[in-house]
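Here are the chains, one letter per residue:
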Amino acid sequence: MAKYKKPDWKPNDAPNSWNARKEKKHPEPLKKSSHYPWSSSENVSTSLNHQGEFSKKIKTLAYSRPLFEVWNDFVMLASCAISNAFDRMNFEQRENLYMRIISKYRDNDRYVFTELLTLIVDALEKNPDQDFLGSIFIELGLANKHNGQYFTPYDVAKAMAEITLGDVEDTLAKSGAVTIHDSCCGSGALLIASINVARKKLSCSGVNFQNVVFVSAQDIDPTVAAMCYIQLSLHGVAGHVKVGNALVEPVATTDYFENYWFTPMYFSDVWRTRRTIAAFMDLIGGIDNEKI
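What you are looking at is a predicted structure, and each value in this text was computed from that prediction instead of being measured.

Participant: Would you mind going over the pattern of salt bridges with me for this structure?
Facilitator: Close approach of charged atoms allows side chains with opposite charge to pair. Scanning the entire structure with this criterion turns up 13 salt bridges. Ionic pairing is found between Glu53 and Lys56, a salt bridge with its closest N-O pair at 3.4 Å. On the criterion of helical spacing, the pair formed by Glu53 and Lys56 is a turn pair, its members being 3 residues apart in helix α2 (residues 50-59). A salt bridge links Asp109 to Arg106; its shortest N-O distance comes to 3.6 Å.

Written as structure tokens, this is what we have:
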């Protein structure tokens, strides 16, 4: 059982206590800062129904606005919080987006967003082999069926990943890395399944998948792209998610980065070194081609 962590506040100072609402002044509005209220999963019960609890909590925020708006706000807030801890290129733009969204909500409601992110972290720690956000998104009826938005069931995605990555060890031996791309990623079910399959297969050879597996995702819908980004980030895999139409603006080396969401592992020393070597090899290749 998780160890109970004593809160820093006294009972009467709790955000949801009657005394706090009645007697104490509301806290000052959040100031613009790069600090975000990450919560530990230590206080989440091991017997918790994560999906049910997540659905219940996010519905409590839909008292004055549509549920889809609340969902979109949450995934964008979580994405900005993750991105701005590592990505300095897009920091200012996403910091402004974060502050613009969070200012719509009351002080007590802001704590719920933190609890929602905690539930995702805890759920994926206990069972990484699932499309947590995609399952809830469909269950709540938030998918855009008019645009043909149907997510691949995770069991089907896992079967496809098993077939596609059956020779992942050979691919790694030949190329030195494994790249997995999904140009219509949705919430990331196919990528998550592929990550889990690759992780299990490579671990048998004593290889850490985080050092050799790279994922590249794209979707035209910013909401589901953010869902994919959150889950890929929490799976600890290097990669990026691009928001855009893959038919007319696919992933390319000449792209601007404002529509890219890079996972935390992308900025690790291992992948910085890999990119440096790749750039050097491209430079040498260009020089050789000019000589020819």
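Participant: I tried to follow the nonpolar core on my own but got confused; where do I start?
Facilitator: Note on soluble globular proteins: their nonpolar side chains tend to be buried together. Phe54, Trp71, Phe74 and Val213 are the most contacted members of the largest nonpolar core, which has 69 residues in total. Here this core takes 10 residues from helix α3 (residues 67-84), the largest share from any one element. Apart from the residues within four sequence positions on either side, Trp71 is in contact with Phe54, Ile58, Leu133, Ile136, Phe137, Leu140, Leu142, Thr223 and Met227. Formed by 7 residues, the second largest nonpolar core is a distinct cluster that contains Phe214, Phe262, Tyr266 and Trp271.

Participant: Can you walk me through the packing of helix α8 (residues 168-175) against helix α9 (residues 189-203) in this structure?
Facilitator: Angle between the axes and distance between the axes are the two parameters that describe a pair of packed helices. Put simply, α8 and α9 touch, their axes get as near as 9 Å, and they point 75° apart. Comparing the axis directions of α8 and α9 gives the class roughly perpendicular. Contacts between α8 and α9 involve Val168, Glu169 and Leu172 from the first element and Ala198, Lys201 and Leu202 from the second. In terms of residue class, the contact of α8 with α9 is built from 4 nonpolar, no polar and 2 charged.

Participant: Explain the pairing of strand β2 (residues 213-219) here, please?
Facilitator: The buried count for β2 comes to 7 of 7 residues, which makes it a mostly enclosed element. Covered by surrounding structure in β2 are Val213, Val215, Ala217 and Asp219 together with Phe214, Ser216 and Gln218, the residues of both alternating faces. Where strand β1 (residues 178-182) lies against β2, 5 bridges are found, and the strand directions are parallel. Residue pairing across strands places Val178 opposite Val213, the latter belonging to β2. With 6 bridges connecting them, β2 and strand β3 (residues 238-243) associate as parallel partners. Note on β3: the bridge partner recorded for Gln218 is Lys242. Viewed along the sheet, the connection from β2 through helix α10 (residues 222-234) into β3 turns out right-handed.

Participant: What is the right way to look at the packing of α3 against α10 in this model?
Facilitator: The interhelical angle for the contact between α3 and α10, taken along N-to-C directions, is 45°, at an axis separation of 9 Å. Viewed along their axes, α3 and α10 adopt a mutual orientation that is oblique. Crossing hand, α3 versus α10: left-handed. In this structure, α3 contributes Phe68, Trp71, Asn72, Val75, Met76, Ala78, Ser79, Ile82 and Ser83 to the contact, and α10 contributes Pro222, Thr223, Ala226, Met227, Tyr229, Ile230 and Ser233. Among the residues making up the contact of α3 with α10, the classes are represented as 11 nonpolar, 5 polar and no charged.

Participant: I'm lost on the environment of Leu119 in this one. Help?
Facilitator: Note that Leu119 resides in helix α5 (residues 107-126). On the basis of relative accessibility, which here comes to 4%, the residue Leu119 falls in the buried class. Sequence separation between Leu119 and His50 is 69 residues, and the spatial gap between their C-alpha atoms is 6.2 Å.

Reading the values: the criteria
- Residues numbered from 1 in each chain as written.
- Predicted model: local features only at pLDDT ≥ 70, side-chain atom pairs only at ≥ 80, totals over all residues.
- Heavy atoms only, no water.
- Salt bridge = Lys/Arg side-chain N within 4 Å of Asp/Glu carboxyl O.
- Helix = DSSP H or I, 4+ residues; strand = E, 2+ residues; numbered from the N terminus.
- Core = buried A, V, L, I, M, F, W, Y, C linked by side-chain atoms within 4.5 Å.
- Buried < 20%, exposed > 50% of the residue type's maximum accessible area, 1.4 Å probe, protein only.
- Contact = heavy atoms within 4.5 Å.
- Axes fitted to C-alpha atoms, helices over the stretch in contact; angles between N-to-C directions.
- Parallel < 35°, antiparallel > 145°, perpendicular 65-115°, else oblique.
- Nonpolar A, V, L, I, M, F, W, Y, C, P; charged D, E, K, R; others polar.
- Pairing = 2+ DSSP bridges.
- Right-handed = clockwise from strand over helix to strand, strands pointing away.
- Left-handed = near helix turned anticlockwise from the far one by under 90°.

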